[in-house]
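# Structure at a glance
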Amino acid sequence: MKYGFITVAAAVPAVKVADTDYNVREMESLIAQAEGKGVEIICFPELGLTGYSCQDLFREQLLLDKMEDALVQLIDFTRMLDIIVIAGIPVVAGDILLNCAVVIQHGGIIGIVPKTYLPNYNEFYEKRWFASAQDLRDTVVYLAGSPVTLSSNPKIFRTMSGVCFGVEICEDVWSPIPPSNNLALAGADIIFNLSASNEIAGKHYYLKSLLAQQSARTMSGYVYSGCGYGESTQDVVYGGNAMIFENGKMLCEGKRFSITPQLQISQIDIELLRAERRMNTTFINSQRKASAEIVDTKPVDSKDFRLMRDINPWPFIPSSDEMTETCEEILNIQTAGLMKRLSHTNSSKVVVGISGGLDSTLALLVCVRAFDRLKLCRRGIIGVTMPGFGTTNRTHNNATNLMASLGVTSREISITKSVLQHFEDIDHDVNIHDVTYENSQARERTQILMDLANKTDALVIGTGDLSELALGWATYNGDHMSMYGVNGGVPKTLIRYLVKYIAITDVDSLSKATLLDIIDTPISPELIPADEHGDIKQKTEDLVGPYELHDFFLYYFLRFGFRPSKIYMLAEHAFNGTHAEAGRYDGETIKYWLKIFCRRFFNQQFKRSCLPDGPKVGSVSLNPRGDWRMPSDASSAIWMKECEEL
């Protein structure tokens, strides 16, 4: 394991019912392929050495003996390999026969897990041949020439890198209380399921939902390997399901009904899973009565690490098939929050500073949705443009055009005169474009909005977004402050998609044209005078860095507590991988902006410690009253040191 990732595989070999020699050769072939691809743990289907559908042949001593011969061969095959193999076998324990998973490594049996829940309904009749783990008394059996203790006690296998995994078999996960519940609560990071679930119309989709939910509920990785081509089709058909999940998300899935063997490989992020569990107090409280025997696997040689899984450059952006539903849900959360605040304060007016940029545009659109749902007149939305030294015609025209097409009240109050007077009062040279020059404008604009709100009995609606809060890209007690901030939980990369969604689905043609131009406008606070062509000179991303990088850093830093070295590795993979539409950044560029992110995130906490109210919309939030509590004087030294060492 490196960077918290462990490489696992769900294998579906070709099988011939009751032909143990053939079956073991097919398993060995997939093991060799998996070992060559860096797989650390491989899981095979239920009763894979014999075939699941042997029926009454399981009563034949010859089959059981030949299975044991094949098991000896399989164990010997792993003698010089590091890979951990989980295979399905029948095991005789005194007077009973058990359906088991055997865990093999380095030429030895690490442990055996018997199946707990045996299906005995409809097309299933496993109890005809097998007993449940609940019927087992602790006993020692000789298997493949060695004594092995069989027990019904739950087992967790622990690798030398500290990864813990448990095993359940097919029907176990269909039960009301699957064994994996206890295993995960007792510390298993990954659950492996050896299965022989047959195919009937509609069952596959239910199975995927079941496994995804179990993975999410237990906050675990879940590796599922089901019997496939070659099993008996006398009464049922087996499709050969091979699926790998991580905390409810499917990482990979094989092709069902394939006539060729399958090897589905993916990497599960153990650090991510453990971070999720540590943050979830309900999961922690549920652990109190969970228990399992810990079985250590054998030491292995370290191998070179290569990340195999796809990393999304935009973790805040929903996938295309979820875009409409997710955008609508986020907008509904923002709108519902504002509606409640308006109702509680008995307000029918709001004041919003409109710059012609993305953030203020989204805030205005949310206000319009809230007023429409409350059946309030849109004229109660007072949009204020406050042109200053850096305002361009493009942003100013977009601001005024949008307010006009949406039918809200439009006000224009220039800040030039008042800011010049302020410069004179504090003896600041107007030609020095420093932080005083910039922040004076931001604070003047906020003062205008606050005072206008007092005058009109309105609420000031904040426009600042999550990305700006993370970087501290806001003037303290300037645009940092409002009476209700609707965008505080929405990152910059997502705002663009929300505005585009509204432009396409929810506004008139004039508003749509304006919104699309706003989307294409460079992000800028417009506090520095425009260039000689009247275009925006001060571009935010030139100063603090690309927002797609910073949002990526923010997501993994805040959501999972990843260290800079892991975030750097993930970013290199994400922004130089398969996503052609993403920006391309070399390692030095990513490192440079990651250092900027860490430095600014720590230095600017004092602004986040006193944020106005606003709705949480996603899993990442900087709200100081709930999601992120950090001392304003915390040192960034160890994070910066690791950045320097990248």
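The structure under discussion appears in the preceding block.
Right, let's walk through the structure included here. (Residues numbered from 1 in each chain as written. Predicted model: local features only at pLDDT ≥ 70, side-chain atom pairs only at ≥ 80, totals over all residues. Heavy atoms only, no water.)

### Thoughts on the overall build of the chain
The secondary structure content of the chain amounts to 20 helices and 20 strands. The dimensions of the chain, computed from C-alpha atoms along their principal axes, are 100 × 55 × 45 Å. Among the 646 residues that make up the chain, the fraction classed as buried is 56%. Per element, the accessible surface of the chain, about 27700 Å² overall, is 49% carbon and sulfur. Of the charged side chains in the chain, 62 are positive and 78 negative, and the gap between their average positions amounts to 4 Å. (Helix = DSSP H or I, 4+ residues; strand = E, 2+ residues; numbered from the N terminus. Buried < 20%, exposed > 50% of the residue type's maximum accessible area, 1.4 Å probe, protein only. Areas by Shrake-Rupley, 256 points an atom, 1.4 Å probe, with all protein chains shown as cover. Lys, Arg positive; Asp, Glu negative; His and termini not counted. Charge placed at Lys NZ, Arg CZ, Asp CG, Glu CD.)

### Remarks on the side chain of Asp-269
Tracing the chain through its elements places Asp-269 in strand β14 (residues 262–269). Within the structure, Asp-269 has its side chain in polar contact with the side chain of Lys-566 (distance 2.6 Å). Contact partners of Asp-269, with chain neighbours within four places excluded, come to Tyr-3, Gly-4, Phe-5, Glu-246, Arg-309, Phe-562 and Lys-566. (Polar contact = N/O pair within 3.5 Å; in protein donor to acceptor, adjacent residues only side chain to side chain. Contact = heavy atoms within 4.5 Å.)

### A look at the sheet that holds strand β13 (residues 249–253)
Strand order in the open sheet formed by seven strands is β13-β12-β11-β10-β9-β8-β15, and the pairing between neighbours is mixed. Edge strands, defined here as strands with exactly one partner in the open sheet, are β13 and β15 (293–296). Between one strand and the next, the sheet's axes are offset by a mean angle of 25 degrees, whatever the strand orientation. By the bridge criterion, five bridges tie strand β9 (residues 164–169) to strand β10 (residues 190–195) in an arrangement that is parallel. Residue pairing across strands places Ile-169 opposite Leu-194, the latter belonging to β10. Along the sheet, helix α4 (residues 203–217) contacts β11 (221–226), β12 (242–246) and β13; its crossing angle with β12, the most-contacted strand, is approximately 30 degrees. (Pairing = 2+ DSSP bridges. Axes fitted to C-alpha atoms, helices over the stretch in contact; angles between N-to-C directions.)

### Quick word on the pattern of salt bridges
Two side chains that carry opposite charge are able to pair once their charged atoms sit near each other. Summed over all chains, the structure comprises 26 salt bridges. Residue Lys-115 is joined to Glu-46 by a salt bridge in which the shortest nitrogen-to-oxygen separation is 2.8 Å. Residue Lys-115 is located in the loop between β5 (108–114) and β6 (139–143), and its partner Glu-46 is located in the loop between β2 (41–43) and α2 (61–77); the two are separated by 69 residues in the primary sequence. Across this residue pair, the class does not change: Lys-115 and Glu-46 are buried. The partner of Glu-246 in a salt bridge is Arg-309, and the shortest N-O contact between them spans 2.7 Å. Of this pair, Glu-246 sits in strand β12 while Arg-309 sits in the loop between β15 and α7 (323–344), and the two are 63 residues apart along the sequence. (Salt bridge = Lys/Arg side-chain N within 4 Å of Asp/Glu carboxyl O.)

### Thoughts on the packing of aromatic side chains
Using the criterion set out here, one finds 34 aromatic pairs in the structure. On the basis of an interplanar angle of 80 degrees and a centroid distance of 5.7 Å, the ring pair of Tyr-555 and Phe-560 is categorised as edge-to-face. On the basis of relative accessibility, which here comes to 7%, the residue Phe-560 falls in the buried class. The rings of Phe-316, Phe-552, Tyr-555, Tyr-556, Phe-560, Phe-562, Phe-575 and Tyr-585 are connected pair by pair, giving a single aromatic cluster. Its end group placed over the ring of Tyr-547, Lys-492 keeps NZ or CZ at 5.1 Å from the ring centre. The positively charged end of Lys-566 is found above the aromatic ring belonging to Phe-5, 4.7 Å away from the centroid. (Phe/Tyr/Trp six-rings, centres within 6.5 Å; stacked < 30°, edge-to-face > 60°. Lys NZ or Arg CZ within 6 Å of the ring centre and 35° of its normal.)

### Overview of the nonpolar core
Counting 121 residues, the largest nonpolar core has Phe-165, Ile-190, Phe-553 and Phe-601 as its most contacted members. Once you skip the residues sitting within four places of it in the chain, Ile-190 turns out to touch Ile-6, Val-8, Val-163, Cys-164, Phe-165, Gly-166, Gly-221, Val-223, Ile-268 and Ile-270. (Core = buried A, V, L, I, M, F, W, Y, C linked by side-chain atoms within 4.5 Å.)

### As for the environment of Asn-181
When you line up the elements, Asn-181 lands in helix α3 (residues 179–185). Between the C-alpha atoms of Asn-181 and Gly-356, which are 175 residues apart in sequence, the distance is 52 Å. Looking at Asn-181, its side chain comes within polar contact range of the side chain of Gln-214, at 2.6 Å.

### A few points about the pairing of β12
Burial of β12 is extensive: five of the five residues sit out of reach of the surface. Here β12 shows a buried face lined by Ala-242, Ile-244 and Glu-246 and a second buried face lined by Met-243 and Phe-245. When β11 meets β12, the two strands line up antiparallel, connected through five bridges. In the sheet register, Val-223 faces β12, and the bridge partner there is Ile-244. As defined by bridge partners, β12 adjoins β13 across four bridges and the pair is classed as antiparallel. Bridge pairing in β13 links Ile-244 to Cys-252.

### Side note on the packing of helix α8 (residues 358–373) against helix α14 (residues 509–520)
At a minimum axis distance of 10 Å, the contact between α8 and α14 shows a crossing angle of 145 degrees. Across the interface between the two elements, Leu-358, Thr-361 and Leu-365 of α8 pack against Leu-515, Ile-518 and Ile-519 of α14. Broken down by class, the residue content of the contact of α8 with α14 amounts to five nonpolar, one polar and no charged. (Nonpolar A, V, L, I, M, F, W, Y, C, P; charged D, E, K, R; others polar.)

### Digging into unusual backbone geometry
Residue Ala-144 is not a glycine yet carries a positive backbone phi of 55 degrees. When you line up the elements, Ala-144 lands in the loop between β6 and β7 (146–150). Phi at Lys-375 is positive, roughly 60 degrees, even though this residue is not glycine. Within the secondary structure, Lys-375 is located in the loop between α8 and β17 (381–385).

### Some details on the state of the cysteines
All chains considered together, the criterion is met by zero disulfides. Considering cysteine sulfurs only, Cys-43 is the nearest to Cys-100, which forms no disulfide, with 14 Å between them. With no disulfide of its own, Cys-643 has Cys-598 as its nearest cysteine by sulfur position, at a separation of 3.9 Å. Taking the relative accessible area as the measure of exposure, Cys-643 reaches 0% and is therefore buried. (Disulfide = S-S within 2.5 Å.)

### Some remarks on the sheet that holds strand β4 (residues 96–105)
Read across the sheet, six strands follow the order β5-β4-β3-β2-β1-β14 without closing on themselves; strand pairing throughout is mixed. Every interior strand has two partners, whereas the edge strands, β5 and β14, have only one. Taking each pair of neighbouring strands and ignoring which way they run, the sheet shows an average axis angle of 30 degrees. Summarising the sheet, β4 and β5 pair through six bridges and their orientation is antiparallel. Of the residues in β5, the one forming a bridge with Cys-100 is Pro-114. Of the strands in this sheet, β3 (84–93), β4 and β5 are in contact with α2, which crosses β3 at around 155 degrees.

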